[in-house]
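Here is what each chain is made of, one letter per residue.
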Amino acid sequence: MGFSMLGPVFKQMFKKPWTNKFPAKYQPSSTTKYLEAVGVGKAKINPPIPTPPNFRGKIKYDKDKCIGCNLCIKVCPCGAIESKPEEKKIKIYLARCCFCSQCNDVCPVKCLSMGDEFLLAGTDPYSKELIVE
Amino acid sequence: MSPKKENNQKNPEELVKYFKDEFKTSIRSAEIKKRKAGSKKNETSTIWMKVEKSAFKDVIKHLVDYQFPHLPVVSGNDLGKTIELIYHFTVNYGTRMNEINLHISVDLPKSKPEIETICDLIPGALVTEREKQEMLGVKIVGIPDARKLFLPDDWPENIYPWRRDETGPEKYYKNLHEVKK
Amino acid sequence: MSSEATTKTTYHIPIGPIHPALKEPVHFEFEISGERIIDVDVKLGHVHRAVEWASRKRNPVQILYLAERICGICSYCHPIAFSLAVEAAADIEVPERAEYLRVIQGELERITSHILWAGVAAHEIGFDTVLFLTWEIREKALDLTEYLTGNRVTKGITMIGGVRRDITKDMIPRIQKDLKFFKDNFQKLAHIFLDDKTFKMRSQNCGILTKEDALKLCAVGPTTRASGVKKDVRVDTSYFAYGDLDIDYITPDKLTGKINGDVYDRIITRLLEVKQSIELIEQCIDKMPAGDIVAEPKIPKLLAQLKKVNGEGVGRHEAPRGEVIHYVKLTGEDAPYTWKVRAPTYNNILPWIPMLKGEQIADIPIVAASTDPCMSCTNRVAIVNNGKHYELNKEELHRLSVEKTRRLMR
C-alpha cells in the first residue's frame with residue numbers, strides 16, 4: 001500500500017484520548033493557585049495516574065530512628081544532605097535531591113524511605129515544603 | 001561456544017608476540033587481561049601495551065596493515081612529569097566474541113608534549129586528536145585541522161582543562177556545592 | 001537546470017546552534033551551490049557541562065548518578081559503562097543473575113530510544129502523524145521502565161558490581177504483556193516505515209555513507225551497521241550475559257538483500273534492532289538463573305574496597321546509538337584520578353561530512369538525524385570564564401522580554 005498511515009489515522013478519530021487531564025480539564029491560569037484552592041477544598045482536582053510500586057518520590061525521614069552516622073552524606077551524589085552535628089541528625093534539601101534513593105540503601109537503621117509525592121515544583125528552593133528534617 | 005577463527009586473525013598472545021618480535025625493546029610492557037562474563041563464562045581479552053614514543057607511529061602502521069582497527073577514543077592522564085596518552089583500539093571485530101581491546105599508551109614529557117598525528121592512517125582520529133590538543137595541551141604534529149573543537153574560540157591560552165598543575169582550570173572553577181544558609 | 005548556467009559562486013549558510021530542525025545545539029556551516037551542499041563544517045561544544053571535572057570531587061558511587069545525567073535517553077548506558085570500567089579496574093566479579101538483569105535494562109532502553117528516534121525521523125521529514133503513533137508505543141516502554149526501576153527516565157538501577165533492583169516472579173506477567181504489545185505494534189510500525197511511499201521517496205539514496213568511509217571514520221552503532229560494517233559490542237565481545245544469548249549483527253541486507261548505506265538502510269537497521277531487543281529480553285527471562293543481584297550489598301564496604309584499588313579499566317557497552325566507552329583510572333583515593341567518557345555521537349560526527357556532501361538543503365534535517373545524534377552526550381567539559389561571564393537575573397530577563405513584546409506589537 002502506498003500510504004500505510006491512512007488506516008491508523010482514521011481509527012484514531014474514534015478512539016478515546018490517552019491523555020489524563022491533570023490537574024483539571026482546562027489548564028488553570030495559575031497551577032499553584034489552583035492547587036492551593038484544592039488544598040482548602042474550593043476546587044476539585046482530576047486525580048493523577050497512580051504511581052507504580054517502588055516509585056521514588058519525596059523522601060520520608062524518621063527522625064527518631066536516625067543515629068547520625070552521616071553515611072548518607074557520603075554517598076549523596078548531589079550534596080543535598082546536611083549534617084546537624086549538635087543533635088546528631090540530618091537535614092535534606094529537596095531542591096537539590098535527585099531522587100536516586102542511594103541514601104535509603106546505605107542507611108544502617110533504615111530511617112529514610114521514598115514516598116510517592118511528586119508535585120514538588122516551587123519557586124523558593126528553601127521553602128518549608130522542600131526541606132526535610 | 002569456542003570463538004571461530006578467521007584465516008589470518010591472531011589471538012591476543014600471537015598479537016603481543018607479533019609486536020614484540022617486530023619492535024623488540026620499543027615495546028616497554030605488554031599485559032594481557034581476560035575477563036569472564038555470563039553463565040557460560042566466555043572470555044574477552046584486553047591488551048595493555050606501553051610503547052616508546054619513537055616507535056609509536058610504526059606500531060600504528062603495522063596495526064593498520066594487520067586489520068583496519070576501530071579507534072573509539074584517545075584518553076589522557078596528566079601524571080605530573082609526563083602526559084600519558086592512551087589510544088584505545090579494537091581489532092578482530094566482525095566475528096562472534098573474537099574482538100580484542102588493544103590499549104596502546106605513550107608517555108610524553110611535559111616540557112615538550114608532542115606526538116605525530118595518525119589522521120593520515122585513520123582519518124576518524126581527527127575529532128579525538130583535536131580534543132586532546134585543546135584539553136591536554138598536547139601538540140599533534142601534522143594534524144590536518146588544528147582548530148578548537150569543544151572549547152570556545154576565546155578560551156584563554158595555556159589553560160588546559162585536563163591538566164592537574166598550574167595550567168589546569170582551578171581558578172575558573174566555581175564551588176557549586178555551597179548551600180545558602 | 002545546471003548550476004553552471006546560472007552562477008559559479010558558492011555561498012555559506014550557518015545552521016544552528018539553535019535551529020528548529022535541530023533538537024540539540026550544534027553548529028553547522030554549509031557551503032552551498034544552488035541547492036546542493038558542497039562542503040560542511042561542524043562546531044561543537046555548546047552544551048559543555050564539565051561532567052568529567054565534577055567527578056574529581058566525587059566517589060565512584062556518586063559518579064554513577066552523575067553519569068546517569070550525561071544524557072536523558074542513554075541514562076542507563078553511561079552508568080553501566082562506568083561500572084564496567086570500575087569492575088575491570090578493581091577486578092570485581094558480577095553475579096550471574098545481575099548480568100541478565102543488566103541485559104534486560106539495556107535492551108529496554110534500546111527499544112525506548114529507537115522508537116523515539118523513529119518518531120523524530122518521521123517528524124524531520126514532515127510526517128507528524130507517525131511521530132504520535134511511535135510515541136504512543138514509547139509511552140508504554142517508559143511505563144514498563146518505571147515499573148521495573150522506579151522512575152521513567154533517570155532509572156537509578158546501576159550499582160558497581162550488579163544492579164539495585166531485582167525482577168521478581170510477580171513482575172514477569174506484566175513484562176510479557178508489554179512485550180506482546182511491542183511485538184504487535186512493531187509489525188504496524190515496520191509496515192509504515194518500510195512500505196510507505198513518502199518514507200521511501202525521502203530516505204532512499206539520500207545521505208549515503210559507504211562501507212569504506214564508515215570504517216575509516218570509525219563510525220559506530222546502527223550508523224556503521226547500516227553501511228555494512230559488522231561491528232556490535234554485544235556480538236564482538238562477551239560482557240553481561242550477551243555471551244550466553246543468541247544474537248547476531250543486524251545489517252540491512254537481512255531484509256532487503258543489499259546494502260546502500262542510505263537513510264532508508266539506517267531506518268531498517270534500527271527497526272530490526274527493536275525486534276532483536278524484544279527477543280533478547282524474552283531469552284533473558286527464560287534463562288535467568290537465581291542468585292544475588294549485587295556483588296557487595298554493603299556500600300561503605302564497597303567504597304573501602306575501591307579505595308584500595310590501584311589500576312585502570314575500560315568499560316564498553318553497546319548503547320542504542322552505538323558503542324559507549326569509559327576509561328577509569330583509580331589511584332587509591334576517594335575520587336578516580338581520570339574518568340574519560342566517550343559517547344557514540346562523538347564518533348558519528350565525522351561521517352556527517354560525506355553523508356551531507358552533495359545532498360539538498362531540504363535533506364539536512366533527516367540526514368543529520370539519521371545518525372541519531374545526541375549532543376549533550378558528546379559535549380561534557382566546560383568552565384565559565386569569570387572574566388567575561390555575564391548574568392541576567394529574573395527581573396532583567398522579564399524586562400527585556402516585555403520590551404521585545406512591546407516592540408513587536410508596535
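Data block above holds the structure.
This report concerns the structure included in the present document. Remember, predicted model here, so these are calculated numbers, not experimental data.

## A look at the interface of chain C and chain A
Then comes step 1: With 33 residues of chain C in contact, the opposing surface of chain A contributes 26 residues.
Then comes step 2: Among the residues of chain C in contact with chain A, C:Gln62, C:Glu136 and C:Arg164 are the three that bury the most area, contributing 18% of the side total.
Then comes step 3: A salt bridge links A:Asp105 to C:Arg164, with the nearest nitrogen and oxygen atoms 3.0 Å apart.
Then comes step 4: Joining chain C to chain A, the criterion identifies 13 residue pairs in polar contact (both at pLDDT 80 or more).
Then comes step 5: At the level of elements, helix H3 (60-68), helix H6 (128-149), helix H7 (172-195), helix H8 (197-203) and helix H14 (299-307) of chain C are the ones that each hand at least two residues to the side of chain C that touches chain A.
Then comes step 6: Residue contributions to the side of chain C that touches chain A peak at nine residues, all from H6(C).
Then comes step 7: Residues that form the side of chain C that touches chain A fall into these classes: eleven nonpolar, ten polar and twelve charged.

## So, the layout of surface pockets
Then comes step 1: In this structure, the largest pocket occupies an estimated 1,300 Å³ of space.
Then comes step 2: Taken together, 38 residues form the lining of the largest pocket, with A:Trp18, A:Thr19, A:Ile49, C:Glu139 and C:Asp143 sitting closest to its centre.
Then comes step 3: Within the residue set of the lining of the largest pocket, elements represented by two or more residues are helix H1 (6-12) of chain A together with H6 and H7 of chain C.
Then comes step 4: Among the elements that make up the lining of the largest pocket, the one with the highest residue count is H6(C) (eleven residues).
Then comes step 5: For the lining of the largest pocket, the per-class residue count stands at 17 nonpolar, seven polar and 14 charged.
Then comes step 6: There is about 650 Å³ of room inside the second largest pocket.
Then comes step 7: Around the second largest pocket, the lining is made up of 32 residues, and of these B:Arg35, B:Lys36, B:Thr44, C:Leu84 and C:Ala88 lie nearest the centre.
Then comes step 8: Secondary-structure elements contributing two or more residues to the lining of the second largest pocket are strand E1 (27-37), strand E2 (42-51) and strand E5 (100-109) of chain B together with helix H4 (77-90), helix H5 (96-124) and strand E6 (310-319) of chain C.

## Section: the packing of H7(C) against helix H13 (residues 263-287) of chain C
All names here are of chain C.
Then comes step 1: Two elements in contact, H7 and H13, have axes separated by 11 Å at closest approach and are oriented at 160°. It follows from the interaxial angle that H7 and H13 lie roughly antiparallel. H7 and H13 meet at a crossing whose hand is left-handed. Of the residues in H13, those in contact with Ile172, Ile175, Gln176, Leu179, Phe182, Lys183, Phe186, Ala190, Phe193 and Leu194 of H7 are Tyr264, Ile267, Ile268, Leu271, Val274, Lys275, Ile278, Ile281, Glu282 and Ile285.
Then comes step 2: For the contact of H7 with H13, a count of residues per class yields 16 nonpolar, one polar and three charged.

## Some thoughts on H6(C)
An α-helix turns once per 3.6 residues; consequently, residues spaced three or four apart project the same way.
Then comes step 1: In this model, H6(C) (22 residues) spans 31 Å end to end at C-alpha, consistent with the 32 Å of a helix rising 1.5 Å per residue.
Then comes step 2: C:Gly150 sits one or two residues past H6(C) and shows a positive phi near 110°.

## Focus on unusual backbone geometry
Then comes step 1: A cis amide bond, omega 0°, links A:Phe22 with the succeeding residue A:Pro23.
Then comes step 2: Along the chain, A:Pro23 turns up in the loop between H1 and helix H2 (31-39).
Then comes step 3: One non-glycine residue, C:Asp91, lies in positive phi territory at about 55°.
Then comes step 4: On the secondary structure map, C:Asp91 appears in the loop between H4 and H5.
Then comes step 5: The exposed category is assigned to C:Asp91, whose relative accessible area is 60%.
Then comes step 6: Positive phi, close to 50°, is recorded for C:Phe240, a residue that is not glycine.
Then comes step 7: By the element assignment, C:Phe240 lies in the loop between helix H11 (233-236) and helix H12 (253-256).
Then comes step 8: Overall, C:Phe240 belongs to the buried group, its relative accessible area being 1%.

## A look at the pattern of salt bridges
All names here are of chain C.
Then comes step 1: Counted according to the given criterion, the structure contains 45 salt bridges over all chains.
Then comes step 2: Ionic pairing is found between Asp248 and Lys254, a salt bridge with its closest N-O pair at 3.3 Å.
Then comes step 3: For Asp248, a relative accessible area of 40% corresponds to the partly exposed category.
Then comes step 4: Between Arg316 and Glu323 there is a salt bridge, with the nearest N and O atoms lying 2.7 Å from each other. No difference in accessibility class separates Arg316 from Glu323, as the two residues are buried.
Then comes step 5: Linked through salt bridges whose partners overlap, the residues forming this network are Glu107, Arg110, Arg225, Asp232, Arg234, Glu273 and Glu318.

Reading the values: the criteria
Residues numbered from 1 in each chain as written. Chains lettered and ligands numbered in written order. Predicted model: local features only at pLDDT ≥ 70, side-chain atom pairs only at ≥ 80, totals over all residues. Heavy atoms only, no water. Contact = heavy atoms within 4.5 Å. Buried area = accessible area lost by both parts, 1.4 Å probe. Salt bridge = Lys/Arg side-chain N within 4 Å of Asp/Glu carboxyl O. Polar contact = N/O pair within 3.5 Å; in protein donor to acceptor, adjacent residues only side chain to side chain. Helix = DSSP H or I, 4+ residues; strand = E, 2+ residues; numbered from the N terminus. Nonpolar A, V, L, I, M, F, W, Y, C, P; charged D, E, K, R; others polar. 1 Å grid on protein atoms, 1.4 Å probe; cavity = no way out; pocket = protein on both sides within 12 Å on 5 of 7 lines; lining within 4 Å. Points joined across faces, edges and corners; volume = space filled by probe spheres on them. Axes fitted to C-alpha atoms, helices over the stretch in contact; angles between N-to-C directions. Parallel < 35°, antiparallel > 145°, perpendicular 65-115°, else oblique. Left-handed = near helix turned anticlockwise from the far one by under 90°. Expected span 1.5 Å × (residues − 1). Buried < 20%, exposed > 50% of the residue type's maximum accessible area, 1.4 Å probe, protein only.

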